[in-house]
Structure formats: C-alpha cells, structure tokens
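# Analysis of the macromolecular model
Each chain is listed here by its residues.
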Amino acid sequence: MLNNQGRPTAPSEAPRRARKTFTSNRALQIEEALIFEIGDACVTGVDIDEPAPFQPRLGAHERTSAIGLPGLSEPETMRHYVRLSQKNYAIDSGPYPLGSCTMKHNPRLNEQMARLPGFGDVHPLQPQSTVQGALELIDRLAHYLMTLTGTHAVAMSPKAGAHGEMCGMMAIRAALEARGESRTRNVVLVPDSAHGTNPATAALIGFDVRAVPARDDGTLSLEAVKAALAPDVAAIMITNPNTCGLFERDVVAIAEAVRAAGAYFYCDGANFNAIVGKTRPGDLGVDAMHINLHKTFSTPHGGGGPGAGPVVLSERLAPFAPVPFVRRSGGAFSLVEHARGGQAFGRVTAFHGQMGMFVRALSYMLSHGSDGMRQASEDAVLNANYVRVCLSDAMSPAFGERACMHEALFDDEWLKGTGLTTLDFAKAMIDEGYHPMTVYFPLIVHGAMLIEPTESESRASLDLFIMALRDLALAAKRGDTERFTGAPRFAPRGRLDETRAARDPVLRWTPKKPVDEPKTVE
Ligand SMILES: *Cc1c(COP(=O)(O)O)cnc(C)c1O
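Residues numbered from 1 in each chain as written. Predicted model: local features only at pLDDT ≥ 70, side-chain atom pairs only at ≥ 80, totals over all residues. Heavy atoms only, no water.

## Some details on the overall build of the protein chain
Which entries qualify depends on this criterion: The helix count covers DSSP runs of H or I at least four residues long, the strand count covers runs of E at least two residues long, and both are numbered beginning at the N terminus. Throughout, radius of gyration means the C-alpha value; the globule benchmark is 2.2 Å times the number of residues raised to the power 0.38. Whether a residue is buried, partly exposed or exposed follows from its accessible area with a 1.4 Å probe, protein chains only, as a fraction of its type maximum: under 20%, in between, or over 50%, in that order. Residue contacts are counted whenever heavy atoms from the two residues lie within 4.5 Å of one another. The protein chains shown are the only cover counted for residues, whose accessible areas, like all others here, come from Shrake-Rupley with a 1.4 Å probe. Working convention for charge: Lys and Arg count positive, Asp and Glu count negative, and His plus the chain ends are omitted. A charged residue contributes its charge at one atom only: NZ of Lys, CZ of Arg, CG of Asp or CD of Glu.
Counting its regular elements, the protein chain contains 13 helices and 13 strands. The C-alpha radius of gyration of the protein chain comes to 26 Å, within 12% of the 24 Å expected for a compact globule of 522 residues. The principal-axis extent of the C-alpha atoms belonging to the protein chain is close to 75 × 70 × 45 Å. Within the protein chain, buried positions represent 47% of all 522 residues. Considering only residue pairs separated by 6 or more positions, the protein chain has 71% of its internal contacts joining residues 24 or more positions apart. A total of about 26,300 Å² of accessible surface is found on the protein chain, and carbon and sulfur atoms cover 56% of it. Each charge sign in the protein chain was given a centre, from 53 positive and 58 negative side chains, and these centres are 1 Å apart.

So this is what it looks like as structure tokens:
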C-alpha cells in the first residue's frame, strides 16, 4: 500500500491487516494509488501531433519546467476511475441511513426525464421564446411546491438547503427594512437542537443568534419561546419535524406568539419528507421554508451536489421574493429578472436555479401523484418507527416510547460500561456493509445516533439492518470490544486519525522524484 507521498505505509495497521496479501488487494477489492503515483508522465492515451512552431506570448509567465500531469493509457485510466467509483458507497449500493439527509432512492425515470435534450441541453442565456417548455416546467413545479406547503410565493433559484436559508432570511430582512425595523430587530432565535446551518445563516446575514433550550422531551416549549421573544427579535428558525425526529406539537401556538411579537417564522424544511401530503407548513404559520429537492423530492445528492433549495414564502413575505421568477400570461411564460418598482430584495444566484433538479423533482411528483407522495411520507415514518421499536430493547431510544416521525434517535446510554463509544459502533457498522447513521447530532442528545431509513427500504432490507445492529449491540454488551475498537477492519482504510486530518491536513501531493520532461514513446 502506498501513502499519499508514494511511500509504502509501515505495517502498523496490524492486527487489522494481519493477513496481508502480497498486492495489498483484498479478494477482488483492488488497492488504488493516486493517479499521479500510477502511470508515467511519458505515457498518454492519445496521439497528438507536434504543434506547429509558434511564438509564445506569455512573456515571463511562460512555463519553464514540465507540468507533471499524470500519464496513463486509456485502459489504465478506465481501471483507475472504475476502481475509485467502486470505493464509493451510495444509496444505489445499499441502505444509507444518514439521519437528516434523507438518502432515498432516486427513481431512474427522473434521470431519463432530466436527460431529454430539451431539458438537458437548455442554456440559461437562450432567448425566452426558445425555452417556453423549460419555463413552464419551473412554473409548474413552483405551483406544486406552493400547493404542498400552503404558501403564496416561492423563490426557485437557491441551490441548496443552506442557500435557501440565506434567501429566506434575506427576504425577512427586506421585510423588516420595509417596516423600518431592520436596525432594531437584529436577533434570531435558534433552538439548541438546530442544524448548524441555521445559526450560521443567521450570523452570515448579520443577525445575532440567541439559543432557545429544548425541553427534556426533545421539543420546543411555548414558554421557552415566549421567554426569548423580545422587541429585538427578527425571526425564529425552527426545524419541523425537528432534528430529534419529533413533530413540534406546540408549533401553531409558537407561530402565533412569534407573529404577535412582530417577528417572522423561518422553518428549516429539510425534514419535509415526513409530512408531505399530511400537513401544510403554511397552515402552521410558517413565513419562509426551504425545501431540499435533493432530500424530499429524491433528486440525487451526496458527493457535493448539485442540490436545489427553493424557498416558499408566506403572504406577508411574498412581495420580497428575489428575482428571477417565472410569470405566466395567457399561454406564454416569461422570466422576470428585474422587478422594477417592486420590493424584491435582489437575486441570490446567477441565472435561474438548478434546471436538472427541477426536472427530476417534477418527474418524482408527477409519477407519485398526491396519493403517492403522501404514502411515501407515511412509509418513511412507518419505517423509522419499525427500526425504533425493533432496536429499543437492544439500544436506548433517546425519548423513550414516544413515536418518532421519519428518524429514530438513540443515545449512548446503552453503551455505558462497555468502554465503547458511538463512534466505535458506527465504525463497526461499516464492517457489516452499512453506511453509519448520523452520529453526535443533534448535539442535545448524548452520543446521538440518528437513523433515517426512508421509505426506500423494503421490510426485508430493514430486518437485515436491524439484525445486524442487534448483533453488534449484543457483541458490545458481551465485551467483544475488538470488533469495535479495530473497526473498520474490512474497509479499504482503517480508522483514520480524524483530529489530525482536520488539524493538519495534507492538501498537496509532492512527487517522490522530479517530474521528467514528457517524451514521445516510440
Ligand atoms: C440538510 C440539512 C440542511 C442543509 O441543507 P443543504 O442542502 O445540505 O445545504 C439544513 N438543515 C437540516 C436539518 C438538514 O438536514
């Protein structure tokens, strides 16, 4: 095995690699070095003619040494990338119970629709008369998002949940400015169970963040919110269902109190998958909410995007929605890019949003229908409760017997006395072929393990997952610590020194020998 400096790693990984193979490959799992470490700068997969003589015009910027690009033949390149792709665990390989992330199956029909040339090849600078279908699609999706949420407007352009949060909070700030209160109202209330993006968003926009403590049962109390409400409060940001996987039962009363205090209610809609077709956030008093199309509406995510985070807005925030938006008049669609005379706060991105994600989300909606979307939510909640109940005697549910929404949350109480941690348990799951659940989030639950199976998993798949976790839990309680502290044993890499990786990251690859001038191989 080579480390990233091209040196073989010391055999310190024993006993994990006690039975090391000659090649470091394990069965058909092939070790893969960095692309710079395989091949040779002299090799190329294509024949390129010598360039005709020319006069460089780069002056002092002209390169004097070899560039050092990796050199691989076509079959070597193929193998390199295919092997790398096989190391990537994905929802298409197995269950991915990463709580809060809603890793659900992306129906292949969505992919087929997104690749239709009229959608796939569309360019944001095309004349509007040539993209009427694309504009109609955005308009239709916007209509469904408003219908499902019971709201009055939607900004389609934000490109992720966090980006949607920023957009929604900017609309709130614009509304406060219009009221002449943007200076006096500079505080945003955020429950201590919130996702980190919530306080980060509020702070980025220039608000001060004030934490609201959750109750022992994991939910927010009207009293705590009322106690925190003051004339300097601009908004509250609440996730519902919340990050503990619980529905905030007092949400309507909280929304009324927030409104009565002259503030706005931002809802983090990342957990919308639990309530689509069951509850409309607008009816709960929400003023703004982002919808992660890449979570709830199945567009693919992980690996960094692209996502899409449209923000729905209540009647009182609708006038401040950013441009662009699609306007329908008669049978024609136009894109409003400059809302002259209006109160739009501006724009949050170049162009019009993630077209490919819009197509996939609409395809998901149309193929499911309203009954199918409601059933998806019900199944997501059913699956989470099945997991919760089947594991409740082996592990410790964070909030006792209370039914959850789409996520089952456990704490590390059950690991007491075993000498093992949540992290050890998560790493051992990798050896069993499972992507771990979300761990240590939400912060208010000690050693949290947040399992979100989604509606994609079948009963058989859930049963196997539950049996695997029960087996691990029994092993932990039996004192079989080696299975945990040495985990993952069967993954391409063992337990990483995550602290060192974060504090002392090696971001630059240094060649082990000087790069040769490229030569043509005969
Ligand atoms: C995923 C998530 C976000 C952020 O969404 P991105 O699309 O990743 O930016 C915010 N809040 C919660 C609760 C989430 O789960």
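Moving on from the model shown.
## So, the side chain of His-163
For the record, the criterion: Counting of polar contacts relies on pairs of N or O atoms within 3.5 Å, with two restrictions inside protein: one atom must be capable of donating a hydrogen and the other of accepting it, and residues adjacent in sequence are counted only when both atoms are side-chain atoms.
Here His-163 lies in helix H5 (residues 161–178). A distance of 2.9 Å separates a polar atom in the side chain of His-163 from the backbone nitrogen of Lys-159. Leaving out residues up to four positions away in the same chain, His-163 has contacts with Pro-158, Val-348 and Thr-349.

## Let's talk about the domain arrangement of the protein chain
Many structure descriptions define interface size as the accessible area lost when the parts assemble. The condition that has to hold: The domain boundaries here were taken from an automatic or database domain assignment. Two parts placed together each lose some accessible area under a 1.4 Å probe, and adding up what both lose gives the buried area. Any Lys or Arg side-chain nitrogen found within 4 Å of a carboxyl oxygen on Asp or Glu counts as a salt bridge.
What the domain assignment reports for the protein chain is domain 1 (109–366) and domain 2 (372–503). A C-alpha centroid distance of 30 Å is found between domain 1 and domain 2. Each partner contributes residues to the interface: domain 1 has 28 residues there, and domain 2 has 20 residues. Buried surface at the junction of domain 1 and domain 2, both sides included, amounts to about 2,000 Å², of which 61% is carbon and sulfur. At the junction of domain 1 and domain 2, the tally comes to one salt bridge.

## Overview of the nonpolar core
Put simply, the rule is: The criterion is simple. A nonpolar core is a set of buried Ala, Val, Leu, Ile, Met, Phe, Trp, Tyr and Cys residues joined through side-chain atoms within 4.5 Å.
Ranked by internal contacts, the top residues of the largest apolar core, which has 60 residues, are Leu-141, Leu-145, Leu-293, Phe-297 and Phe-358. Of all the secondary structure elements, the ones that give two or more residues to this core are helix H4 (132–149), strand S2 (187–191), helix H7 (222–228), strand S4 (233–239), helix H8 (251–260), strand S5 (264–268), strand S9 (332–336) and helix H9 (355–391). Each of two domains, domain 1 (109–366) and domain 2 (372–503), supplies a minimum of three residues to this core.

## Let's talk about the pattern of salt bridges
All told, the structure shown has 25 salt bridges when counted by the stated rule. For Asp-250, the salt bridge goes to Arg-215, with nearest N and O atoms at 3.3 Å. Residue Asp-250 is located in the loop between S4 and H8, and its partner Arg-215 is located in the loop between strand S3 (208–212) and H7; the two are separated by 35 residues in the primary sequence. Residue Arg-215 is classed as partly exposed on the basis of its relative accessible area, which comes to 33%. Its salt-bridge partner being Arg-347, residue Glu-337 comes within 2.6 Å of it at the nearest N-O pair. Of the two residues, Glu-337 sits in the loop between S9 and H9 while Arg-347 sits in the loop between S9 and H9, which places them 10 residues apart along the sequence. In this structure Glu-337 comes out as partly exposed when scored by relative accessible area, which is 27%.

## Remarks on the site of the ligand
What counts here: Near is defined per residue: the residue qualifies when any heavy atom it owns lies within 4 Å of the molecule or strand.
Taken together, the neighbourhood of the ligand is formed by Ser-100, Ala-160, Gly-161, Ala-162, Glu-165, His-195, Thr-197, Asp-268, Ala-270, Asn-292, His-294 and Lys-295. The backbone of Gly-161 places a nitrogen or oxygen atom 2.7 Å from an oxygen atom of the ligand. Note that an oxygen atom of the ligand is positioned 2.6 Å from one of the side-chain N or O atoms of His-294. Bound to the protein, the ligand loses 85% of the 380 Å² it would expose on its own.

## A few points about the environment of Thr-197
Locating Thr-197 in the fold gives a position in helix H6 (residues 197–205). For Thr-197, a relative accessible area of 22% puts it in the partly exposed group. Note: C-alpha distance between Thr-197 and Asp-268 (71 residues apart in sequence) is 9.6 Å. Aside from chain neighbours lying at most four places away, what touches Thr-197 is Ala-162 and Glu-165. Of note is the side chain of Thr-197, whose polar atom sits 2.7 Å from the side chain of His-195.

## Details of the sheet that holds S4
For clarity, the threshold we go by: Being paired, for any two strands, means DSSP has found at least two bridges between them. Each axis is a line fitted through C-alpha atoms, and for a helix only the stretch in contact is used; angles between axes span 0 to 180 degrees, taken between their N-to-C directions.
Read from one edge to the other, the open sheet built from seven strands follows the order S1-S7-S6-S5-S4-S2-S3, with strand pairing classed as mixed. The two strands at the open ends of the sheet, each matched to only one other strand, are strand S1 (153–155) and S3. Here the average twist between neighbouring strands, direction ignored, is 25°. Inspection of the sheet shows S1 paired to strand S7 (residues 311–313) by three bridges, in the antiparallel sense.

## Brief notes about the packing of helix H10 (residues 422–431) against helix H11 (residues 459–478)
For clarity, the threshold we go by: Just so you know how the angles are binned, under 35 degrees is roughly parallel, over 145 roughly antiparallel, 65 to 115 roughly perpendicular, and the rest oblique. By convention, the crossing between two helices is left-handed when the near helix turns anticlockwise from the far helix through less than a right angle, and right-handed when the turn is clockwise. Residues are sorted three ways: Asp, Glu, Lys and Arg are charged, Ala, Val, Leu, Ile, Met, Phe, Trp, Tyr, Cys and Pro are nonpolar, and all the rest, Gly among them, are polar.
Their axes nearest at 11 Å, the elements H10 and H11 cross at an angle of 130°. On the basis of the axis angle, H10 is oblique to H11. Considering how the two elements wind past one another, H10 and H11 form a crossing that is right-handed. Contacts between H10 and H11 pair Phe-425, Ala-428 and Met-429 from the former with Phe-465, Leu-469, Leu-472 and Ala-473 from the latter. Among the residues forming the contact of H10 with H11, the class breakdown is seven nonpolar, no polar and no charged.

## Examining H10
Most of H10 sits inside the fold, with eight of its 10 residues counted as buried. What H10 keeps buried is the set Thr-422, Asp-424, Phe-425, Ala-426, Lys-427, Ala-428, Met-429 and Asp-431. On its buried face, H10 is in contact with strand S12 (438–439), strand S13 (449–451), H11, helix H12 (482–485) and helix H13 (498–503). Positive phi appears at Gly-433, one or two residues downstream of H10, with a value of about 90°.

## Focus: the packing of H4 against H9
Contact pair H4 / H9: the axes reach a minimum separation of 10 Å and the direction vectors enclose 45°. Classified by the angle between their axes, H4 and H9 sit oblique to one another. Crossing handedness for the pair H4 and H9: left-handed. Across the interface between the two elements, Ala-134, Leu-137, Ile-138, Arg-140, Leu-141, Tyr-144, Leu-145 and Leu-148 from H4 touch Met-355, Phe-358, Val-359, Ala-361, Leu-362, Met-365, Leu-366 and Met-373 from H9. Its residues placed into classes, the contact of H4 with H9 shows 15 nonpolar, no polar and one charged.

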